[in-house]
Amino acid sequence: MSLARIVTLNRRAPLIAGTCLIFVCAQTVTVSAQTNGGQAAQKNSAAMEWGPLCRGLQLSAMPIANVFSSGDPIKVVVIVTNVTAEPIALPVIFPGSDHRYDVKFVVTDARGQRVPFTQLGSILDGEPKAVSGVEGRFVPPKGVIEDVIRLDNRFELGTTGVFSVTVRRLIPDANSKPVPELISNPAKFEIVPALKNTSSY
C-alpha cells in the first residue's frame, strides 16, 4: 500500500548517503511460493527463490518468462516479503512514474561478466540527485509488495544468450552503520533470436 507523497527533493537533498557502506546478509534460501507471493511470479515457476532474511524481510527476483525473444521487453518481478507479525516501512524513490532509484540491479552474462548499463541505467544506479519525491510503502505482516520492472531500458541487452539478474534494496535505518541491504536470489533468463516473418503476400 502506498502512502501519500511525503517529501519533494531537489539536487541539493540526496535521499540516502551514496557513500554509505552496504551490509549484505549472507546465504540464499529457497522456499515454496505462497498464495500471496505474486501471481505473475508464480506463473513462471512453482517454487520461488528468496535472498537471505534481513530485518524481517526477504527479497525475490523472478523474470516474467524464462525465455524472451530479442527486441521484446524484458521484465522482472521484484517481491519483498515480510515474515514478521508487524508492518515494515520501505521508501520508494522515483524520478518518474516508471523509474525507481530504490531498487538496484546487476545483470551478468553466461561468462559472469557484468552487462553494461544504458544511459538511464547508469543514472538509476547512482545516487538520487533530482527526483520528484519519495513515497512510503508498508509491507504488511506476513505479506508482500510486488513490482514489475523492465531491465532492457536499464541494460544493454541487445544480444542473445543466457543472463542472470540480482536485485538490491536498502533498508532505511538511521541507527545502523553501515546501512543494511536486502539482496535477492540470482535469477536466470535467456534471450533468443526473434522469429522472422516468413509469410508471403
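As the structure is a prediction and not an experimental result, all values here were calculated from the model.

Visitor: Can you help me understand the nonpolar core in this one?
Guide: The nonpolar side chains of a soluble globular protein tend to be buried with one another. F105, V107, L151, L157 and F189 are the most contacted members of the largest nonpolar core, which totals 29 residues. Of all elements in the fold, only β4 (57-63), β6 (75-82), β7 (88-94), β8 (104-108), β10 (144-150), β11 (161-170) and β13 (187-192) reach the threshold of two or more residues within this core. Beyond its immediate chain neighbours, meaning those up to four positions away, L151 contacts I74, V76, F105, V107, L157, V165 and F189. Membership of the second largest hydrophobic core comes to 5 residues, among which are M48, W50, M62 and V77.

Visitor: Any chance you could explain the environment of R100 here in plain terms?
Guide: With respect to the helices and strands, R100 occurs in the loop between β7 and β8. By relative accessible area, which is 10% here, R100 ends up buried. Considered as a pair, R100 and L124 are 24 residues apart in the sequence and their alpha carbons are 6.7 Å apart.

Visitor: I'm lost on unusual backbone geometry in this one. Help?
Guide: With phi around 55°, R55 is a residue other than glycine that occupies positive phi space. Mapped onto the secondary structure, R55 falls in the loop between β3 (47-50) and β4. We classify R55 as partly exposed; its relative accessible area is 44%. In this structure, K142 is a non-glycine residue whose phi angle is positive, near 55°. Tracing the chain through its elements places K142 in the loop between β9 (133-139) and β10.

Definitions and cut-offs
- Residues numbered from 1 in each chain as written.
- Predicted model: local features only at pLDDT ≥ 70, side-chain atom pairs only at ≥ 80, totals over all residues.
- Heavy atoms only, no water.
- Core = buried A, V, L, I, M, F, W, Y, C linked by side-chain atoms within 4.5 Å.
- Buried < 20%, exposed > 50% of the residue type's maximum accessible area, 1.4 Å probe, protein only.
- Helix = DSSP H or I, 4+ residues; strand = E, 2+ residues; numbered from the N terminus.
- Contact = heavy atoms within 4.5 Å.

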